[in-house]
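The chain contents come next:
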Amino acid sequence: MTASASTAYDSGRYCIIGAGPGGISVARAFGRAGIPYDLVERHSDVGGIWDIDNPGSPVYESAHFISSSGISHFAGVPMPEDYPDYPSHERILAYLRGVAAREGLYSHLRASTEVVRAERIDEGWRVVLRGCHGTETTDYAGIVCASGTTWHPKMPSWPGVFAGEVVHSSRYRSAAELAGRRVLVVGAGNSGCDIASDAATAAKAAFISMRRGYHFIPKHVFGMPTDVFADKSKYMPMALRRWVFERILCILNGDVTKLGLPAPDHPLLASHPITNDQLLHYLRHGDISVKPDVKRLDGLELEFVDGTRERIDLVICATGYETRTPYLPEETLPTRGGRPDLYLNIFSRSHRDLFCTGFLESNSGLFKLFDLMAHTIAQAVLARRDPAANTKFRRRVEQHAPDLSGGIRYVESDRHANYVNIDAYRAALTDLCKRMEWPSFDPDGLALLPPAVEVQEARDWKRTSASVRGL
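(A) Structural context of the overall build of the chain. The helix and strand tally for the chain stands at 10 helices and 26 strands. Compactness check: the chain gives a C-alpha radius of gyration of 23 Å against a globular reference of 23 Å for 471 residues, within 12% of the reference. Projecting the C-alpha coordinates of the chain onto the three principal axes gives extents of approximately 65 × 55 × 45 Å. Here the chain holds 471 residues, and 52% of them are scored as buried. Nonlocal contacts in the chain, meaning residues at least 24 apart in sequence, comprise 69% of its contacts between residues at least 6 apart. For the chain, the accessible area works out to roughly 20800 Å², and carbon and sulfur atoms hold 51% of it. Computing the positive centroid from 54 side-chain charges and the negative centroid from 56, the chain places the two 2 Å apart.

Right under this line is the structure:
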């Protein structure tokens, strides 16, 4: 079934694509600013990657938040007091759905609906949606891409033939899959280290292949979550902060090269932090071994660049993701290092009605940034109603090139093409609001709305949705 294009543009309605944390935050900001919107989600409910049942989600059973619950949450909405410092994925999903219910977002949610295509038209965007009742076309005043960056796996390629199994980490779900197998995890990001730790306890033999050395940051320092400790030191000069943390890591971790780990080839904080205690524990107990890069495949054996060989049954590639927006024409979002090249990682330089959120990485949890990003997007949308204000804003988007590094020279890699220092990024968004004479972001003014009506609304929506899907 195909419906003709609606007149949604005339009402100033926006399409928020994706109902994960970023989409929820934008929906919350739009609702409070009085901006009409639809929240479009291809899965059956909100939650994004944190719903392990969402096809393509990179979440696995042992996955936990790597930022602490005390400071990594939506503004004005602390996580429940009984949550641990590092909640499980189930608890994060429950938190997200609770926020969506209490904020009344379910009345705007179009679940089980995929954005097939979004194309620029004279005024706004024409969006093709595919849902339970077929395909329809709707015109919107603008779109917000909140579809995330961890849905399109990036796989390595090695010469030779392998008789075992090679999978991307996005397909991994449980340590039960590793029982009785000789497992190699390729990649030492946070997911790679988590999965390697699972392999250390569940596999017959476990190995992790690392391209370079990393600084391993424990989850707690002096009894407090490490990001809480780091937040307390944010007013120190960067050189002093780095020196303090280097001394702390030296005391807590010792010389990690004695565990077989390569020495880091970059200064502390110059790469995305590896927040993991477990891998070092299992290395110290001999439950897992470190290998360098894979050189070639040879039947059931793998040869590594140092000439060593291992018999392996299963290779899990924790090798990252490509950032894609398959619903947009390729030329819509120019890229740099494979990542969208946007002003402040939010605003398109060529389309004043196209916004993005979550298409960046930071040295701290993004939950602390989502609301500030959403607030800034909402103010930019409101500014479109005033030609003079909009012209002033667009001039800055086209001409301004802020330094978001916080004085850190990050590792030169595609992953760090749009990497930001959280303090520098917050300051840049705050400065933008000040220069544009927009209201400043007030995190204390974003407490949850009263629950009764919204929670009942969410329950009614879920019953209706289940009925439509025949559940």
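Still more ground to cover, so stick around.
(B) Region of interest: the packing of helix H1 (residues 21–33) against helix H7 (residues 367–383). Across the interface, H1 lies against H7 with an axial gap of 8 Å and an inter-helix angle of 45 degrees. Comparing the axis directions of H1 and H7 gives the class oblique. Crossing of H1 against H7: the hand is right-handed. Only Phe-367, Phe-370, Asp-371, Ala-374, His-375, Ile-377, Ala-378, Val-381 and Leu-382 of H7 make contact with H1, whose side of the interface consists of Pro-21, Gly-22, Ser-25, Val-26, Arg-28, Ala-29, Phe-30 and Ala-33.

(C) Geometry of the nonpolar core. With 92 residues, the main nonpolar core has Phe-30 and Tyr-425 as its most contacted residues. The dominant element in this core, judged by the number of residues it contributes, is H7, at 11 residues. Core analysis: the next-biggest nonpolar cluster, separate from the first, contains 18 residues, Cys-15, Trp-125, Ile-143 and Leu-342 among them.

(D) Focus on the pattern of salt bridges. Inspection of the entire model under this criterion finds 30 salt bridges. Put simply, Asp-38 and Arg-13 hold a salt bridge, and the shortest N to O gap is 3.4 Å. Of this pair, Asp-38 sits in strand E3 (residues 37–40) while Arg-13 sits in the loop between strand E1 (2–3) and strand E2 (14–17), and the two are 25 residues apart along the sequence. When its relative accessible area of 14% is taken as the criterion, Asp-38 is described as buried. For Arg-13, a relative accessible area of 26% puts it in the partly exposed group. Residue Asp-298 is joined to Arg-309 by a salt bridge in which the shortest nitrogen-to-oxygen separation is 2.5 Å. Of the two residues, Asp-298 is situated in strand E18 (residues 294–299) and Arg-309 in strand E20 (residues 309–311); the sequence distance between them amounts to 11 residues. Accessibility expressed as a relative area gives 34% for Asp-298, which makes it partly exposed. When its relative accessible area of 35% is taken as the criterion, Arg-309 is described as partly exposed. One continuous salt-bridge network, built from bridges that share partners, spans Lys-295, Arg-296, Asp-298, Glu-301, Glu-303 and Arg-309.

(E) Just the environment of Ile-35, in detail. Its location among the elements puts Ile-35 in the loop between H1 and E3. Residues Ile-35 and Arg-13, spaced 22 residues apart in sequence, show a C-alpha to C-alpha distance of 7.0 Å. Not counting residues within four places of it along the chain, the set of residues in contact with Ile-35 comprises Gly-12, Tyr-14, Phe-30, Ala-378, Val-381, Leu-382 and Arg-385.

(F) Just the packing of H7 against helix H9 (residues 422–435), in detail. Relative to each other, H7 and H9 sit at 20 degrees, their axes nearing to 10 Å. Of the possible angle classes, the one that applies to H7 and H9 is roughly parallel. The two elements H7 and H9 meet at a crossing, and its hand is left-handed. Every residue of H9 that contacts H7 at Lys-368, Leu-369, Leu-372, Met-373, His-375 and Thr-376 is listed here: Ile-422, Tyr-425, Arg-426, Leu-429, Thr-430, Leu-432 and Cys-433.

(G) View of the sheet that holds strand E19 (residues 301–304). A sheet is described by the order of its strands in space; here four strands give the open sequence E9-E18-E19-E20, paired in mixed fashion. The sheet is open, and its two borders are formed by strand E9 (160–162) and E20, each paired with just one other strand. Neighbouring strand axes in the sheet, compared pairwise and without regard to direction, differ in orientation by 35 degrees on average. Here three bridges tie E9 to E18, and the two strands are oriented parallel to one another. Along E18, the bridge assignment pairs Phe-162 with Gly-299.

(H) Seen up close, the side chain of Glu-303. Looking at the secondary structure, you find Glu-303 in strand E19. Judged by relative accessible area, Glu-303 falls into the buried class, the value being 15%. Not counting chain neighbours up to four residues away, the residues in contact with Glu-303 comprise Val-294, Lys-295, Arg-296, Thr-308 and Arg-309.

(I) Broad picture of helix H2 (residues 89–102). Relative to the 20 Å expected for 14 residues at 1.5 Å per residue, H2 spans 20 Å between its end C-alpha atoms, a close match to the ideal helical length. Positive phi shows up at Gly-104, right after H2, with a value of about 75 degrees.

(J) Representation of helix H5 (residues 238–253) within the structure. Compared with the 22 Å implied by 1.5 Å per residue over 16 residues, the 22 Å span of H5 between its first and last C-alpha is a close match. Every buried residue of H5 is accounted for by Met-238, Arg-241, Phe-245, Ile-248, Leu-249 and Asn-253. The arc that holds the buried residues of H5, viewed along the axis, is 105 degrees, so those residues lie on one side. Seen from the open side of H5, the exposed residues pointing more than 90 degrees away from its buried face are Ala-239 and Ile-251. In this structure, the buried side of H5 is in contact with strand E13 (216–217), strand E14 (220–221), helix H4 (226–232), helix H6 (278–284) and H9.

Conventions and cut-offs
Residues numbered from 1 in each chain as written. Predicted model: local features only at pLDDT ≥ 70, side-chain atom pairs only at ≥ 80, totals over all residues. Heavy atoms only, no water. Helix = DSSP H or I, 4+ residues; strand = E, 2+ residues; numbered from the N terminus. Rg over C-alpha atoms; globule rule 2.2 N^0.38 Å. Buried < 20%, exposed > 50% of the residue type's maximum accessible area, 1.4 Å probe, protein only. Contact = heavy atoms within 4.5 Å. Areas by Shrake-Rupley, 256 points an atom, 1.4 Å probe, with all protein chains shown as cover. Lys, Arg positive; Asp, Glu negative; His and termini not counted. Charge placed at Lys NZ, Arg CZ, Asp CG, Glu CD. Axes fitted to C-alpha atoms, helices over the stretch in contact; angles between N-to-C directions. Parallel < 35°, antiparallel > 145°, perpendicular 65-115°, else oblique. Left-handed = near helix turned anticlockwise from the far one by under 90°. Core = buried A, V, L, I, M, F, W, Y, C linked by side-chain atoms within 4.5 Å. Salt bridge = Lys/Arg side-chain N within 4 Å of Asp/Glu carboxyl O. Pairing = 2+ DSSP bridges. Expected span 1.5 Å × (residues − 1). Arc of directions from axis to C-beta.

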